[in-house]
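# Coordinate analysis (summary)
Here's the letter readout for the chains.
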Amino acid sequence: MIPASTFAGKNIAVFGLGGSGIATAQALIAGSATVLAWDDNPESVARAGEEGVETRDLRAANWKDFDALVLAPGVPLTHPRPHWSVELARAAGVEIIGDIELFARERRARAPDAPFVAVTGTNGKSTTTALIAHVLKAAGRDVQMGGNIGRAVMTLEPPTAGRHYVVECSSYQIDLAPTLDPSAGVLLNLSPDHLDRHGTMEDYAAIKERLAAGSGTAIVGMDDAHCRTIAARLEQAGRKVTRISVTQTLEEGFFAREAVLLRAEGGRTERLFTLEGIGSLRGRHNAQNALAALAACLSCGLAVEEIRSGFESFPGLAHRMEQVGRLKHVLFVNDSKATNADAAGRALSSFPRIYWIAGGLPKESGIGSLRPFFGRIAKAYLVGEAAPAFAATLGEATDYEISGTIDAAVEHAARDAAGDPAGEVVVLLSPACASFDQFRNFEVRGEAFRNAVLSLSGVETLGETRE
């Protein structure tokens, strides 16, 4: 745990008592703050009380007594409307922050030179975060990884000189971290997502930009218009910007040609190494993740050879292009984390012939943007509430069936793929949808896919990575 000592002697309201919320309250208490916490879920309130956190309905509190409201990232700050705790805090002039802000303040107070890499973007941030942490650890560094991936940030070990922090930051967390100041900040990409919580794409992009703007070195992807605009604006403001791209040849920065990673600097272009043969980093989207990790690790003082070696031993993450099993020439890939069309497109672009399992709780954007990849799809197996709409979009472009469930889709896709005469074919779960119509979250959906695959007769297990 990181005791929140910068809040010693202060009165803090905490709202949102999930796992990270309770951990945050305990960190504040350990730092000698007085904490009063609440949640709209009575079970969460009871659990917090059992964990030693004082609870009381904050609607009855005197908000003039509080120095800050620490809000869980899942609680609406602005849209579709501010949560009642936010309205009460604003009315009393109380600062509203989150756990990432607590961490940033503790690092500045305890060990401001401790390397801190923060990662955000619409897609790829979990893989990039895990890859950076893995490479640093493989190179012998003292590494702590958390935030929006794995452990709540305040449950990490306290900042000390030489300890490296790699923290994934969602837009919700950045919105609650006004003084976020990583030594290196990664902004991978931007596409429409979470607009129900941010209102407009412009608002969403502006929040993501804050992470890069506060960074010692901003590592920014050049493969979408929003990020290109942000990079130019940061540079004009005098910030140090490192550009990365998988679609452009850069004059300065890091870029990829297929699986080869290159560095452009001072008018020269240098070939660094290739991702060829690294299954966990297959596909253009993973080349972008790798470029970001390369730039971040170089900023932490690693040598190119150390980074290459770390990439080669990276096992990947569960539910993100996870190679689950193989049955003769059929590879089964779990990409359950692809909860929108843009993420699914990254997976579809990675394989030439695909038996695609898609569907779930649909998002407004649908799958129309995936038309360029329909030619790679041998057949689609549609599940969940999105099945009829996806079928209408697929139309006559590719064969499909409405399978209904993951189990049925895996069974039918495995049967059809087994009879495909092509060299290697892939049964790919990349839903382009949220999971909430049939599953509690994307992890449970991915486990259902994995279990269905591993129940097939004769399948070879390729590993079960876990976060």
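Our subject in this report is the structure included herewith. Given the structure is predicted, the values throughout are model-derived calculations rather than measurements.

Moving on, we get to the packing of aromatic side chains. Tallied over the entire structure, the rule returns 5 aromatic pairs. Note on Phe15 and Trp84: the rings are 5.4 Å apart at their centroids and 75° apart in plane angle, and the pair reads as edge-to-face. Note that Phe15 is positioned in strand β1 (residues 11-15) and Trp84 in helix α3 (residues 84-91), a separation of 69 residues in sequence. Judged by its relative accessible area of 3%, Phe15 falls in the buried class. With 5.0 Å between their ring centres and 80° between their planes, Phe103 and Phe116 make a pair best called edge-to-face. Here Phe116 lies in strand β5 (residues 116-120) and Phe103 lies in helix α4 (residues 99-110), a separation of 13 residues in the sequence. Considered together, Phe103 and Phe116 belong to a single accessibility category, that of buried residues. The rings of Phe103, Phe116 and Tyr165 are connected pair by pair, giving a single aromatic cluster. Sitting over the ring of Trp84, Arg59 keeps its end group 4.4 Å from the ring centre. Here the basic side chain of Lys337 rests over the ring of Phe442, its NZ or CZ set 5.5 Å away from the ring centre.

In any sheet, the strands associate via hydrogen bonds between backbone groups, in a parallel or an antiparallel arrangement. Strand order in this open sheet of 9 strands is β6-β7-β5-β8-β9-β10-β11-β12-β13, and the pairing throughout is mixed. A single partner strand is all that each edge strand has here, and the edge strands are β6 (142-147) and β13 (268-274). Going across the sheet, the axis of each strand differs from the next one's by a mean of 20°, ignoring polarity. Judged from the 2 bridges that link them, strand β10 (residues 240-245) and strand β11 (residues 253-257) form a sheet pairing that is parallel. Looking at the pairing, Ile244 lines up with Phe254 of β11.

Right, let's talk about the sheet that holds strand β16 (residues 354-359) for a bit. With respect to topology, 7 strands assemble into an open sheet ordered β18-β17-β16-β19-β15-β14-β20, the strand pairing being mixed. Strands at the two margins of the open sheet, each flanked by one partner only, are β18 (399-404) and β20 (460-461). Summarising the sheet, strand β14 (residues 322-327) and β20 pair through 2 bridges and their orientation is antiparallel. Residue Gly325 lies in a different strand from β20, and its bridge partner there is Thr461. Helix α13 (residues 387-394) contacts β16, β17 (377-383) and β18 of the sheet and is inclined by roughly 155° relative to β17.

Below, the discussion takes up helix α11 (residues 304-312). Every buried residue of α11 is listed here: Ile307, Gly310 and Phe311. One side of α11 carries all its buried residues, which in axial view fall inside an arc of 100°. Buried residues along α11 sit in contact with α5 (125-138), β12 (260-265), β13 and α10 (284-299).

All right, on to the pattern of salt bridges then. Scanning the model with the defined rule gives 24 salt bridges in all. Across the pair Arg107 and Asp181 runs a salt bridge whose closest N-O atoms are separated by 3.8 Å. Taken together, the positions of Arg107 in helix α4 and Asp181 in the loop between α6 (171-175) and β8 (184-187) put the pair 74 residues apart, joining distant regions of the chain. In this structure, Glu209 engages Arg233 in a salt bridge whose closest nitrogen and oxygen atoms are separated by 2.8 Å. You can see Glu209 sitting in helix α8 (residues 201-213) and its partner Arg233 sitting in helix α9 (residues 225-236), a full 24 residues away along the chain.

Conventions adopted
Throughout, a residue's number is its position along its own chain's written sequence, starting from 1. With pLDDT at 70 or above as the cut-off, local features in this predicted model cover only qualifying residues; side-chain atom pairs require 80 or more to be listed or tallied, and sums for whole chains, interfaces and linings still use all residues. Side-chain figures throughout are based on the complete set of non-hydrogen atoms in the structure, without hydrogens or water. Pairing of aromatic rings covers Phe, Tyr and Trp, the last counted by its six-membered ring, and requires centre-to-centre distances within 6.5 Å; plane angles under 30 degrees mean stacked, over 60 mean edge-to-face, and any other angle means tilted. The numbering of helices and of strands both runs from the N terminus, where a helix is a DSSP run of H or I of at least 4 residues and a strand a run of E of at least 2. Only protein chains enter the area calculation, which uses a 1.4 Å probe; residues under 20% of their type maximum are buried, those over 50% are exposed, and those in between are partly exposed. Either the NZ atom of lysine or the CZ atom of arginine qualifies as a charge over a ring when it sits within 6 Å of the ring centre and within 35 degrees of the ring normal. Whether two strands pair comes down to DSSP finding at least two bridges between them. Helix axes are fitted only over the stretch in contact, all axes being lines through C-alpha atoms; the angle between N-to-C directions runs from 0 to 180 degrees. By definition, residues are in contact when any of their heavy atoms lie within 4.5 Å. As used here, the arc is the angular range of directions from the helix axis to the C-beta atoms. What counts as a salt bridge is simple: a side-chain nitrogen of Lys or Arg found within 4 Å of a carboxyl oxygen of Asp or Glu.

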